[in-house]
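Structural features, examined
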Amino acid sequence: MKTPTRREFLYAGFANTVLLKQGRGSSPLSIVLDPNQLTKFVDRLPIPPRAQSIGSRPSPHDSTKTIPYYRLAMRQVESKIHRDLPTTRFWGFDSTSPGPTIEARRGHPLYVEWVNDLPHRHFLPIDHSLHGAERGIPDVRTVIHLHGGRVPPASDGYPEHWFTPGGKSISFYPNDQEATLLWYHDHAMAITRLNIFAGLLGLYLIRDDVEDALNLPNGNYEVPVILCDRAVRRDGQLHYPVSGDASRLWVPEFFGEAILVNGKLFPYLNVEPRKYRLRVLNASNSRFYYLSLSNGMPLRQIGSDQGLLAAPVELKNITLAPGERADLIVDFKNIRGQNLVLKSDAYAIMQFRVSDTADPDTSSLPASLRSIDRIPEQKAVKTRLLTLGGGGDPDDPTSMATMPMLLNGSHWDDPFTETPMLDTVEIWSLVNLTDDSHPIHLHMVRFQILDRRPFDLFAYLNSRELNYTAAASPPDENEAGWKDTVRADPGMVTRIIVRFEGFVGRYVWHCHVLEHEDNEMMRPYEVIPFS
Ligand code: C2O
Ligand code: CU
């Protein structure tokens, strides 16, 4: 492979964009519904039901104690996403998608028995050329991962530990971590994008005393907001596009025009003129959200992926990459009787209808939420330089759109290279060689973002030399708490600092753009015992 000239490289990037557009456009677009033809804000925002335990079982650590036992069955469900559309087929848990919300308390472990009661045929197009989805492997297979959970390896939902209809697996969740919003979702090798798209996801809240002491809005005043963009056909059914090459159906990313909130299109929520707490999750395959309110009122962010920030951050616009969560406070106090819309850029997502009267608002929004100790860089025993992308041949403009984007040049099946030692601290420098922003997620751990710094991509591709072109910038204020997913932006080296606390064993790290994850942008890592 000869080294590309700057112009060739730019051309490759351009061709890439064109191909991506063609890739999306090659679906029969005429069958896909334009959601703007529907009347907005005619359906009430649904709230996923709360999961109920079906009993208790002996604790794995102390057989004299019992812990709650939940059973959630993955099933095909029918659901109305909009008043004026026929019902839509989803794959959900028990009778809903998103599935029931599990509510846990810190220090109180529980079991979930995940049951696969799905049909034997998939309703979305599987690409059998992807590693892990070869012909002969059952089409319908699932394994559930608790995103953001500090969970022993056997319960983490390793992508190869899938099970088929009739099968089940039991996960033990210690809940030995700070209060935050986690989510559970499918993680089956090479079809995660299809299984999550079909609806296999739900929320998992962890509560603790620190959070309780803050007296934040709760009960009806705490509202989950699960964002998923979908393409919907005129007959109401979900539509997942294919590439147009029958031997390779995979598309490099998915963007749908229909943005569902808790499974509804353009829902509304009646609210009182007071403070609300919104627990927002980006569960989309590829879409980033840029959230704002139509009247220009600020959003106040109090938490991110792994719990509360040190203090509330006031923002007009909140960026949320796939997999990320935002814990928001919105105060409707001064806009009695008005309607306003939660938007992402120009997209209307949902409407709030503020009533004239309210019970007194006794909740608080403290100016300081908790202390967050920064992990000092000197604590790191190892720094890893890990590239994102670079799987294509820059001499071949089409390869960028069809070749996998690799993590550190390695495929899923290559030997383990990231083997941190338990309880040690490492810095991971994510060197983005692509034109895209990749939300990078590590299982089991929480981390802090150190900084992002622009570098000379061309020099790196030419000679593997890392030359920075400007000073490093610290994380945004609303990213300065504990995270489990980080935006690695194009042209940047993004550095995170991680303490590998929890368990030894095999986990994964990956891009949370599900199309990338399914096509080799995922790697195993292994926490090894301290020695
Ligand atoms: Cu949200 Cu590895 O997943
Ligand atoms: Cu990616």
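Residues numbered from 1 in each chain as written. Chains lettered and ligands numbered in written order. Predicted model: local features only at pLDDT ≥ 70, side-chain atom pairs only at ≥ 80, totals over all residues. Heavy atoms only, no water.

1. A look at the overall build of the protein
In plain terms, the rule: For the purposes of this entry, the term helix denotes a DSSP run of H or I that reaches at least four residues, the term strand denotes a run of E that reaches at least two, and both are numbered from the N terminus. Exposure classes here rest on a 1.4 Å probe applied to the protein chains alone. A residue is buried below 20% of its type maximum, exposed above 50%, and partly exposed in between. Between two residues, a contact is recorded if the distance between any of their heavy atoms is within 4.5 Å. Here the Shrake-Rupley method, with its probe set to 1.4 Å, supplies the accessible areas, and only the displayed protein chains count as covering residues.
Helix and strand content of the protein: six helices and 31 strands. For the C-alpha atoms alone, the extent of the protein along its principal axes is close to 70 × 60 × 50 Å. Classification of the 531 residues of the protein by burial places 59% in the buried group. If you take every contact in the protein between residues at least 6 apart in sequence, the share linking residues at least 24 apart comes to 78%. A total of about 20500 Å² of accessible surface is found on the protein, and carbon and sulfur atoms cover 50% of it.

2. Quick look at the side chain of arginine 279
Under the convention used in this document: Any pair of nitrogen or oxygen atoms within 3.5 Å is treated as a polar contact; in protein, a donor-acceptor pairing is required on top of that, and neighbouring residues in sequence qualify only through side-chain atoms on both sides.
Mapped onto the elements, arginine 279 comes out in strand S16 (residues 275-282). A distance of 3.3 Å separates polar atoms of two side chains, one belonging to arginine 279 and the other to aspartate 327. Arginine 279 has contacts with Thr180, Leu181, Leu205, Arg207, Glu211, Glu222, Val223, Pro224, Val225, Ala326 and Asp327, leaving out every residue within four places of it along the chain.

3. Brief notes about the coordination of the copper ion (ligand 2)
Going by this rule: Counted as coordinating are nitrogen, oxygen and sulfur atoms within 2.8 Å of the metal, or 3.2 Å for Na, K and Ca, while water is not included, which may make sites look incomplete.
Protein coordination at the copper ion (ligand 2): the donors are His438 (ND1), Cys511 (SG) and His516 (ND1), at 2.0 to 2.1 Å from the metal. Motif for the copper ion (ligand 2), donor spacing along one chain: H-x72-C-x4-H. Residue cysteine 511 is classed as buried on the basis of its relative accessible area of 0%.

4. Some points on the sheet that holds strand S23 (residues 347-354)
Stated precisely, the cut-off is as follows: Only when DSSP finds a minimum of two bridges between them are two strands counted as paired.
Spatially, six strands are ordered S1-S15-S23-S22-S17-S20 in an open sheet, and the strand pairing comes out mixed. The sheet is open, and its two edges are formed by strand S1 (43-44) and strand S20 (318-320), each paired on a single side. Here strand S22 (residues 339-344) pairs with S23 via six bridges, running antiparallel. Along S23, the bridge assignment pairs lysine 343 with alanine 348.

5. Remarks on the sheet that holds strand S24 (residues 380-388)
For clarity, the threshold we go by: Lines fitted to C-alpha atoms define the axes here, with helix axes fitted over just the stretch in contact, and angles between the N-to-C directions of these axes take values from 0 to 180 degrees.
Spatially, four strands are ordered S24-S25-S29-S27 in an open sheet, and the strand pairing comes out mixed. The sheet is open, and its two edges are formed by S24 and strand S27 (447-454), each paired on a single side. Taken over all neighbouring pairs, the strand axes of this sheet differ in orientation by 20° on average, direction set aside. Taken together, the eight bridges between S24 and strand S25 (residues 425-432) define a ladder with parallel strand orientation. Within S25, the residue paired with threonine 387 across the bridge is valine 431.

6. Details of the nonpolar core
Selection criterion: By convention a nonpolar core is built from buried Ala, Val, Leu, Ile, Met, Phe, Trp, Tyr and Cys residues, the set being connected through side-chain atoms within 4.5 Å.
Of all hydrophobic cores here, the largest spans 57 residues; its most connected members are Ile102, Trp114 and Tyr204. Counting residues per element, this core draws most heavily on strand S3 (residues 66-79), which supplies four residues. With sequence-adjacent residues up to four places away left out, isoleucine 102 is seen in contact with Ala51, Leu72, Leu110, Val112, Trp114, Tyr184, Leu203, Tyr204 and Leu205. Val225, Val271, Leu340 and Phe352 belong to the second-largest nonpolar core, a separate cluster that totals 30 residues.

7. Focus: the packing of aromatic side chains
Stated precisely, the cut-off is as follows: Here the aromatic set is Phe, Tyr and Trp, taking the six-membered ring for Trp, and pairing holds for ring centres within 6.5 Å; pairs whose planes are under 30 degrees apart are stacked, those over 60 apart are edge-to-face, and all others are tilted.
Counted according to the given criterion, the structure contains 21 aromatic pairs. Ring geometry for phenylalanine 41 against phenylalanine 266: centres 6.4 Å apart, planes inclined by 80°, an arrangement best described as edge-to-face. Of the two residues, phenylalanine 41 sits in the loop between helix H1 (6-25) and S1 while phenylalanine 266 sits in the loop between strand S14 (264-265) and strand S15 (267-271), which places them 225 residues apart along the sequence. According to the relative accessible area criterion, phenylalanine 266 is buried, its value standing at 5%. Judged by centre distance (4.9 Å) and plane angle (45°), the ring pair of tryptophan 114 and tyrosine 184 falls under tilted. With tryptophan 114 in strand S6 (residues 110-116) and tyrosine 184 in strand S9 (residues 180-186), this residue pair connects regions lying 70 residues apart in the sequence.

8. Topic: unusual backbone geometry
The linkage connecting serine 97 with the following residue, proline 98, adopts the cis geometry, with an omega of -10°. Assignment of secondary structure puts proline 98 in the loop between strand S4 (88-93) and strand S5 (99-105). Within the chain, alanine 190 stands out as a residue other than glycine whose phi angle is a positive 70°. Along the chain, alanine 190 turns up in the loop between S9 and helix H2 (192-198). Of note in the backbone geometry, asparagine 408 takes a positive phi value of approximately 50° without being a glycine.

So, to be careful, I would describe these as geometric facts and stop short of saying anything about function.
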